[in-house]
Amino acid sequence: MRMPVPDPALVARRAEFVVALRAIVPGEGVIAAASELAAYDCDGLTAYRTSPLAVVLPSTTEQVSKVLAYCRSVGLKIVPRGAGTSLSGGALPLADGIVLGLSKLNRILEIDYENRCVVTQPGVTNLAITEAVAARGFYYAPDPSSQIACTIGGNVAENSGGVHCLKYGMTTNNLLGLEVVLADGEILRLGGKTFDAGGLDLLGVLTGSEGLLAITTEVTVRILPRPETQRAVLLGFPSIEDAGACVAGVIAAGVIPAGMEMMDRPAIHAAEAFVHAGYPLDVEALLIVELDGQAAEVDHLIEGVLEIAKAHHAVSARASGSEAERLAFWAGRKAAFPAVGRISPDYFCMDGTIPRAALPKVLGRMGEMSEARGLKVANVFHAGDGNLHPLILYDANIPGQLETAEAFGADILRLCVEVGGVLTGEHGVGVEKRDLMEVQFAPADLDQQQRLRCAFDGEQLLNPGKVFPTLCRCAELGRVHVRGGAMRFPDLPRF
């Protein structure tokens, strides 16, 4: 992994920057002590750490605007940060830049049941939106496993999904409006409380842009009525290939589950030991299939799924008989990442997406890679939409294992692209997949993406060193892209 070379002139002006930023965000709004900066030196990808010049914690949109305008005037880089749950290094700091933390923008501003939407600041957690509207029978559909901690602003930056994205879509499918601050401090509002706002789809451009284009300060999302009935089916299979074939069979039959998740044997055992969800331990793969809607419809769909599972050699099947049992099925799946942390000193959580039909082939190839690399893998993923989350187990205390795990992860992502998939489904590119972007995109593709970035941030002060393999100068804002001016990246500091 490589990052931009720190600018010594900016580092030398740290004291000056801190004074100016404290004038904009007074009180405890600027963190500069080394001991306190340590809390911000990495995100969920903890293998890499860098201490920023300072951390700024604005509490209003106006403060965000003034901070960005000041940073642009002095050429200071900005790394936006929500809750720091990013697993791709998207919020990894820069040694010659500041971290702009949005945790103080943490209020729900409006709940509009008539228009079925919520207006919220970016620091509100994903789960808090559902909790705020639950009493009226509504919920917010995208539900990442980290929903208790991850923020809606971070969800917008990464276009996060979750176990129910198969039927209800990713963040982009549930987003109605944004207030953002551009790199020069200009405040811009997009969309609102209705679908399909007029003009260019700038909401689509900003969703999943990983903090490279603008800073989100307000989000409007749609909320949905809670389905009348929700039931989950727990299916065990003698092989992970059988489970993958069952996934394809369910979709081919025209059934669109609310969620369809898969775990392999290592993940099953880790989750069961951690949560005691009642998972069968004598199977190689487990599918959780959730159906929702009217009670009669759900009962009919469950019967159909059970028949399809039987045809694909399922050796165990259990449908939830109560809401508590349904939640228990999901509790194990949602706790799978921390559960695997109990059986391995370290792990890399990968994120790639493949066509559903390629599941059996890819899972088989991953098993071969595991043998060749000498590292075990626990597989947990959104099977319904082909979003893989292999957890590569390693021990950073053993020399060379981190590098082997990185190479293994890169092999998996190359395989995803090889079979017609993509490098990321919901975790983003960040620094983790940045150097693999040329595997998926031709130079002309990356040039066009960089031109779009230049149109928003021609000086590339917002989150530089992320997503794109090179830092390129924009000779003319948004129009001329000079690859010859690309900056080289040195190795990232490892933890």
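This is a predicted model, so every value here is computed, not measured. (Residues numbered from 1 in each chain as written. Predicted model: local features only at pLDDT ≥ 70, side-chain atom pairs only at ≥ 80, totals over all residues. Heavy atoms only, no water.)

**Student:** Explanation requested: the state of the cysteines in the structure shown.
**Tutor:** Each disulfide consists of a covalent bond between the sulfur atoms of two cysteine residues. Summed over the entire model, instances satisfying the criterion amount to zero disulfides. For the unlinked cysteine Cys150, the closest cysteine sulfur is that of Cys165, found at 13 Å. Since its relative accessible area comes to 4%, Cys150 is described here as buried. Cys416 supplies the cysteine sulfur nearest to Cys349, a cysteine that is in no disulfide, at a spacing of 13 Å. For Cys349, a relative accessible area of 7% corresponds to the buried category. (Disulfide = S-S within 2.5 Å. Buried < 20%, exposed > 50% of the residue type's maximum accessible area, 1.4 Å probe, protein only.)

**Student:** Help me understand the sheet that holds strand E12 (residues 229-237), please; the structure alone is not making it clear to me.
**Tutor:** Sheet strands line up and pair through hydrogen bonds in the backbone, either parallel or antiparallel. Taken together, the seven strands give an open sheet; going across it, the order is E15-E12-E14-E13-E18-E20-E16, and neighbouring strands pair in antiparallel fashion. The open sheet is flanked by strand E15 (316-319) and strand E16 (346-349), the only strands paired with a single partner. In this sheet, neighbouring strand axes are inclined to one another by 15° on average, regardless of whether the strands run parallel or antiparallel. As paired strands, strand E13 (residues 259-264) and strand E18 (residues 377-381) are joined by two bridges and run antiparallel to one another. (Pairing = 2+ DSSP bridges. Helix = DSSP H or I, 4+ residues; strand = E, 2+ residues; numbered from the N terminus. Axes fitted to C-alpha atoms, helices over the stretch in contact; angles between N-to-C directions.)

**Student:** I would appreciate a short explanation of unusual backbone geometry in the present structure.
**Tutor:** Backbone geometry follows two general trends: most residues other than glycine have a negative phi, and most peptide bonds adopt the trans configuration. Even without being a glycine, Asn463 presents a positive backbone phi close to 50°. The residue Asn463 is located in the loop between helix H17 (443-456) and strand E21 (471-476) in this model. For Asn463, a relative accessible area of 1% translates into the label buried. The phi dihedral of Val467 is positive, around 75°, even though this residue is not glycine. Summarising the element assignment, Val467 is placed in the loop between H17 and E21. Judged by relative accessible area, which is 9%, Val467 ranks as buried.

**Student:** I tried to follow the packing of helix H9 (residues 240-252) against helix H14 (residues 359-373) on my own but got confused; where do I start?
**Tutor:** Interhelical geometry of H9 versus H14 gives an angle of 155° and a closest axis separation of 8 Å. In terms of axis orientation, H9 runs roughly antiparallel to H14. Pair H9 / H14 crosses with right-handed handedness. Taken together, the residues of H14 that come into contact with H9 (itself represented by Ile240, Glu241, Gly244, Ala245 and Val247) are Leu359, Pro360, Leu363 and Gly364. By residue class, the composition of the contact of H9 with H14 is six nonpolar, two polar and one charged. (Parallel < 35°, antiparallel > 145°, perpendicular 65-115°, else oblique. Left-handed = near helix turned anticlockwise from the far one by under 90°. Contact = heavy atoms within 4.5 Å. Nonpolar A, V, L, I, M, F, W, Y, C, P; charged D, E, K, R; others polar.)

**Student:** When you look at helix H4 (residues 61-74) in this model, what are you seeing that I'm missing?
**Tutor:** For an α-helix, the turn length of 3.6 residues means that residues three or four places apart are oriented alike. Look at H4: 20 Å from first C-alpha to last across 14 residues, which is about the 20 Å you get at 1.5 Å a residue. Residues of H4 that are buried include every one of Thr61, Gln63, Val64, Ser65, Val67, Leu68, Tyr70, Cys71 and Val74, and no others. The positive-phi residue at the C-terminal boundary of H4 is Gly75, with phi of around 75°. (Expected span 1.5 Å × (residues − 1).)

**Student:** Can you walk me through the environment of Ile343 in this structure?
**Tutor:** Mapping Ile343 onto the fold places it in the loop between helix H13 (336-340) and E16. Linking Ile343 and Ala314, residues 29 residues apart in sequence, is a C-alpha distance of 27 Å. What Ile343 contacts, discounting residues up to four positions off in sequence, is Pro266, Ala270 and Leu393.

**Student:** Whenever I open this one, the pairing of strand E6 (residues 117-120) confuses me. Can you help?
**Tutor:** Along any regular strand, the residues point their side chains to alternate faces of the sheet. Here E6 shows two buried faces, one formed by Cys117 and Val119 and the other by Val118 and Thr120. Where strand E5 (residues 108-112) meets E6, four bridges bridge the pair, whose relative direction is antiparallel. From the neighbouring strand, Ile111 faces E6, where its bridge partner is Val118. The turn linking E5 back onto E6 is made up of four residues, and Arg116 within it adopts a positive phi angle of 50°. Alignment of E6 against strand E10 (residues 215-222), held across four bridges, turns out to be antiparallel. Within the sheet, the bridge partner assigned to Cys117 lies in E10 and is Arg222.

**Student:** Help me out: how do you make sense of H14 in this one?
**Tutor:** The first and last C-alpha atoms of H14 sit 21 Å apart over 15 residues, in line with the 21 Å expected at 1.5 Å per residue. Those residues of H14 that sit buried are Leu359, Val362, Leu363, Met366, Met369 and Ser370. Projection of H14 onto a plane perpendicular to its axis shows the buried side chains occupying an angular sector of 115°, all on one side. Across H14 from its buried face, at more than 90 degrees, point the exposed residues Glu368, Glu371 and Ala372. Among the structural elements, H9, E13, E18, strand E19 (387-388), strand E20 (390-394) and helix H15 (401-418) are those in contact with the buried residues of H14. Of the residues trailing H14, Gly374 is marked for its positive phi of about 75°. (Arc of directions from axis to C-beta.)

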